[in-house]
Amino acid sequence: MRVVDAAWQEWLSSNVARGCTPGSMVDAMVQAGFADGEARVAVHHAFDRRASGPAAPATVADPATNPYRYDAAPVARGNLIHAADREVRVLLRCERPQLVVFADVLSAAECAELIERSRHRLKRSTTVNPLTGREDVIRNRTSEGVWYRRGEDQLIARVERRIASLTNWPLENGEGLQVLHYGTSGEYSPHFDFFAPDQPGSAVHTAQGGQRVATLIIYLNDVADGGETVFPTAGLSVAAQAGGAVYFRYMNGERQLDPSTLHGGAPVLAGDKWIMTKWMRERAYG
Ligand SMILES: O=C(O)CCC(=O)C(=O)O
Ligand SMILES: [Fe+2]
């Protein structure tokens, strides 16, 4: 008979913090050799502990006074990651900021289908107003987008399962996928994907699912010139190549937010650019 030792306690609290469901945790413990009743009690207590202590407030790290501590990212190690139904190649890993570039997340046919089905649904993109929390159309984000509900159809559901496996983050913690289109000269100036903790408008967005913790941007076409995803603080840019993707993680287990994940979409200099983005939350979303 197994006992809930310190290592299991640690496992329980980190899975509660990651937003796992009680059922999936009980199943995992039973598979590891715990009796069903015992697993249920341990999981129940782990959720109680979280309910009794408020989570530390999220804070933006400061390189001078409070540097970001890089804990282990959930993405698996290795050069090839088995992501549900597809083998995905790793092209580059960066530790500071925590970033991984992938090839072949989507097939050419999947990219083409996602572009075609999005083309007629596009709307001018908005940006969250940090003061009000409302979505505003602003000049520094010249793109058009469409949101897909989670699991909206078979293709979206399959891609979401693949992304959850690739990023090793629960599917339920993901926002709906967003497809974005930039025409020639379209761009998105540098910004953070997390909600600024000190801005009153952020509470509206974090009320459900908590903070954003990581982003996966998938490129749906090859951009003829320009349109890289740029990380100005890190001095890094990722070229848009159909089926490839960039993952970056900006919140650690202590709820620090990494300012070196500042990023944007560089102006498209020739042709157009299509991307699909998955934002991941601390807890179940939607
Ligand atoms: O267009 C890009 O490469 C970046 C897009 C982005 O940062 C976003 O949608 O949040
Ligand atoms: Fe972004």
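Residues numbered from 1 in each chain as written. Chains lettered and ligands numbered in written order. Predicted model: local features only at pLDDT ≥ 70, side-chain atom pairs only at ≥ 80, totals over all residues. Heavy atoms only, no water.

Peer 1: Describe the coordination of the iron ion (ligand 2), listing the residues and the values that go with them.
Peer 2: Within the protein, the atoms that donate to the iron ion (ligand 2) are His-191 (NE2), Asp-193 (OD) and His-263 (NE2), at distances of 2.1 Å. Mapped onto the sequence, the donors of the iron ion (ligand 2) take the spacing H-x1-D-x69-H. A residue pair is termed long-range when its members are at least 10 positions apart, and His-191 in strand 10 (residues 188-191) and His-263 in strand 17 (residues 263-265) qualify at 72 residues. Among the residues examined, His-263 registers a relative accessible area of 3% and is labelled buried. (Donors = N, O, S within 2.8 Å, 3.2 Å for Na, K, Ca; no water. Helix = DSSP H or I, 4+ residues; strand = E, 2+ residues; numbered from the N terminus. Buried < 20%, exposed > 50% of the residue type's maximum accessible area, 1.4 Å probe, protein only.)

Peer 1: I'd like a description of the packing of helix 4 (residues 108-119) against helix 5 (residues 154-167), backed by residues and values.
Peer 2: Running from N to C, helix 4 and helix 5 cross one another at 130 degrees; their axes reach a closest spacing of 12 Å. One way to sum up the angle between helix 4 and helix 5 is to call them oblique. The crossing of helix 4 and helix 5 is left-handed. Touching Glu-110, Glu-113, Leu-114 and Arg-117 of helix 4 are Leu-155, Ile-156, Arg-158 and Arg-162, all from helix 5. (Axes fitted to C-alpha atoms, helices over the stretch in contact; angles between N-to-C directions. Parallel < 35°, antiparallel > 145°, perpendicular 65-115°, else oblique. Left-handed = near helix turned anticlockwise from the far one by under 90°. Contact = heavy atoms within 4.5 Å.)

Peer 1: Can you lay out the UniProt feature "domain: Fe2OG dioxygenase" (unreviewed entry) in the protein for me, pointing to particular residues and giving the numbers?
Peer 2: Sequence positions flagged by UniProt for "domain: Fe2OG dioxygenase" (unreviewed entry) are, in local numbering, residues 173-282. Secondary structure within residues 173-282 divides into 5% helix and 43% strand; the distance between the first and last C-alpha atoms comes to 7 Å. (UniProt positions renumbered as here; feature names shortened; annotations may be inferred.)

Peer 1: Before we move on, can you summarise the domain arrangement of the protein with the specific residues and values?
Peer 2: Accessible area lost on assembly of the parts is the figure often given for the size of an interface. When the domains of the protein are assigned, the result is domain 1 (6-54) and domain 2 (80-281). The centre of domain 1, based on its C-alpha atoms, is set 31 Å off from the matching centre of domain 2. (Domains from an automatic or database assignment.)

Peer 1: Got a sec to walk through helix 5? Specific residues and values, please.
Peer 2: In this model helix 5 runs 20 Å from its N-terminal to its C-terminal C-alpha over 14 residues, within 8% of the 20 Å that 1.5 Å per residue would give. The element helix 5 is largely enclosed, with a buried count of 10 among its 14 residues. Those residues of helix 5 lying buried are Leu-155, Ile-156, Ala-157, Val-159, Glu-160, Arg-162, Ile-163, Ala-164, Leu-166 and Thr-167. Among the residues of helix 5, the N-terminal cap falls to Asp-153, whose side-chain oxygen and the backbone nitrogen of Leu-155 are separated by 3.1 Å. One or two residues past the end of helix 5 sits Asn-168, with phi positive at roughly 55 degrees. (Expected span 1.5 Å × (residues − 1). Polar contact = N/O pair within 3.5 Å; in protein donor to acceptor, adjacent residues only side chain to side chain.)

Peer 1: How would you summarise the nonpolar core if you had to cite specific residues and measurements?
Peer 2: Ranked by size, the top nonpolar core spans 54 residues in total, and within it Phe-102, Ile-218, Leu-220, Val-246 and Met-276 carry the most contacts. Sort the elements by how many residues they give to this core and strand 11 (residues 212-219) lands first, with 6 residues. Apart from residues no more than four positions distant in its own chain, Met-276 is found in contact with Leu-106, Leu-114, Val-159, Leu-177, Gln-178, Val-179, Leu-216, Ile-217, Ile-218 and Leu-220. In this structure, Leu-12, Val-16, Cys-20 and Val-26 belong to the second largest nonpolar core, which totals 12 residues. (Core = buried A, V, L, I, M, F, W, Y, C linked by side-chain atoms within 4.5 Å.)

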